[in-house]
Amino acid sequence: IQIARATTRLRVVATASRPDTRQWCLDLGAHAVIDHSGPIDEALTAAGERAPRYIAALTHTQSHFEALPRTVAAQGVIGAIDDFKGLPVELLKPKAAGFVWEFMFTRPVQQTPDMVRQHDILAEVSRLVDAGVIRTTLTDNLGPLSVETLLEGHRRLESGATIGKIALDGL
């Protein structure tokens, strides 16, 4: 949310399903927030939002995917970062929409000619943080890495009630 707001002129519409996570998205800079507990295309329409040209699917992409082709604008693009198998990409054909999968380590692992671009991206994020334009989303540090703190972190994540990021310190 923050990076999209800071680096583009796009209208940023986030998704959340609880009042506290909705507010979190607004506090991070979202122009609007829709409920992702039902079909995303229906929530977007109900909110009076237009079909987006770009969709960043950052989590649970597979469970939302059937609605995303209905949601994206004609010739739009859906980008994902999470792991899954077997998406019905044929649903994108009627809109000639694209699907891209981002993996931040592709450039160094594949030794692409534009490898330095990852450095440029991270340097820009660092500059935005230093300038106070974007802030950390860390909300809790559970302390030193141990079996107990790792289990506590998983318990919190599995509860579905976390907001932001949970960290563990190194050994």
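Above this text you will find the structure in question.
The sections below set out a description of the structure shown in this document.

**Notes on the overall build of the chain**
And then number 1: Broken down by element type, the chain carries 8 helices and 7 strands.
And then number 2: Here the chain holds 171 residues, and the buried ones make up 27% of them.
And then number 3: At a minimum sequence separation of 6, the contacts of the chain that also span at least 24 residues come to 40%.
And then number 4: With the model as given, the accessible surface of the chain reaches about 11500 Å², and the carbon-plus-sulfur share is 57%.
And then number 5: Of note, the chain has its 18 positive side-chain charges centred 8 Å away from the centre of its 20 negative side-chain charges.

**A look at the pairing of strand β2 (residues 32–35)**
And then number 1: One ladder, built from 4 bridges, connects strand β1 (residues 13–16) with β2; its direction is parallel. In the sheet register, Val13 faces β2, and the bridge partner there is Ala32.
And then number 2: What joins β1 to β2 is helix α2 (residues 19–27), and the crossover it makes is right-handed.

**Notes on the sheet that holds strand β4 (residues 77–80)**
Note on sheets: strands pair through backbone hydrogen bonds, and any given pair is parallel or antiparallel.
And then number 1: Taken in spatial order, the 3 strands line up as β3-β4-β5 in an open sheet, and their pairing is parallel. The outermost strands of the open sheet, each flanked by one partner alone, are β3 (54–57) and β5 (98–101). Strand after strand, the sheet turns through a mean of 20° between neighbouring axes, direction not considered.
And then number 2: Judged from the 4 bridges that link them, β3 and β4 form a sheet pairing that is parallel. If you follow Ile55 over to β4, its bridge partner there is Ile78.

**Observations regarding a nonpolar patch on the surface**
And then number 1: On the surface, Phe103, Met104, Phe105, Val109 and Leu122 cluster together into a nonpolar patch covering about 500 Å² of accessible area.
And then number 2: One can find Val109 in helix α6 (residues 106–110).
And then number 3: The class for Val109 is exposed, based on a relative accessible area of 56%.

**Observations regarding the packing of aromatic side chains**
And then number 1: Applying the stated criterion to the full structure yields 5 aromatic pairs.
And then number 2: Between Phe65 and Phe99, the ring centres sit 6.0 Å apart and the planes meet at 80°, which makes this aromatic pair edge-to-face. Of this pair, Phe65 sits in the loop between α4 (61–64) and α5 (68–71) while Phe99 is found in strand β5, placing the two residues 34 residues apart along the sequence.
And then number 3: Residue Phe65 is classed as buried on the basis of its relative accessible area of 1%.
And then number 4: Look at Phe84 and Trp101: their rings are 4.7 Å apart centre to centre, the planes differ by 15°, and that puts the pair in the stacked class. Of this pair, Phe84 sits in the loop between β4 and β5 while Trp101 sits in strand β5, and the two are 17 residues apart along the sequence.
And then number 5: A cation over a ring is seen here: Arg135 above Trp24, with NZ or CZ 5.1 Å from the ring centre.

Procedures and definitions
Residue numbers restart at each chain and count upward from 1, following the sequence in its written direction. Local features in this predicted model are restricted to residues of pLDDT 70 or higher, and side-chain atom pairs are both shown and tallied only at a pLDDT of 80 or more, whereas totals for entire chains, interfaces and linings draw on every residue. Remark: hydrogens and water are excluded; side-chain values derive from all non-hydrogen atoms of the structure. The helix count covers DSSP runs of H or I at least four residues long, the strand count covers runs of E at least two residues long, and both are numbered beginning at the N terminus. Type-normalised accessible area, obtained with a 1.4 Å probe on protein chains alone, sets the label of each residue: buried when under 20%, exposed when over 50%, and partly exposed for intermediate values. In what follows, residue pairs with any heavy atoms lying within 4.5 Å of each other are defined as contacts. Note on areas: Shrake-Rupley, 1.4 Å probe, and residue coverage restricted to the protein chains presented here. Neither His nor the chain termini are counted; the positive set is Lys and Arg, and the negative set is Asp and Glu. A charge is said to be at NZ when it belongs to Lys, at CZ for Arg, at CG for Asp and at CD for Glu. Should DSSP find at least two bridges between two strands, the strands are taken to pair. Throughout, right-handed denotes a crossover for which the path from the first strand over the helix to the second runs clockwise when the strands point away from the viewer. As a rule, the C-alpha atoms of each element are fitted with a line to give its axis, helices using only the stretch in contact, and angles between N-to-C directions run from 0 to 180 degrees. A residue counts toward a patch only above 30% relative accessible area and without a salt bridge, and it is joined to like-charged neighbours within 9 Å or, for Val, Leu, Ile, Met, Phe, Trp and Tyr, to nonpolar neighbours within 5 Å. Salt bridge, as used here, is a side-chain nitrogen of Lys or Arg placed within 4 Å of a carboxyl oxygen of Asp or Glu. Stacked, edge-to-face and tilted are the three classes for Phe, Tyr and Trp ring pairs, Trp counted by its six-membered ring, which pair at centre distances within 6.5 Å; planes under 30 degrees apart are stacked, over 60 edge-to-face, the rest tilted. Look at NZ for Lys and CZ for Arg. If either is within 6 Å of the ring centre and within 35 degrees of the ring normal, a charge sits over the ring.

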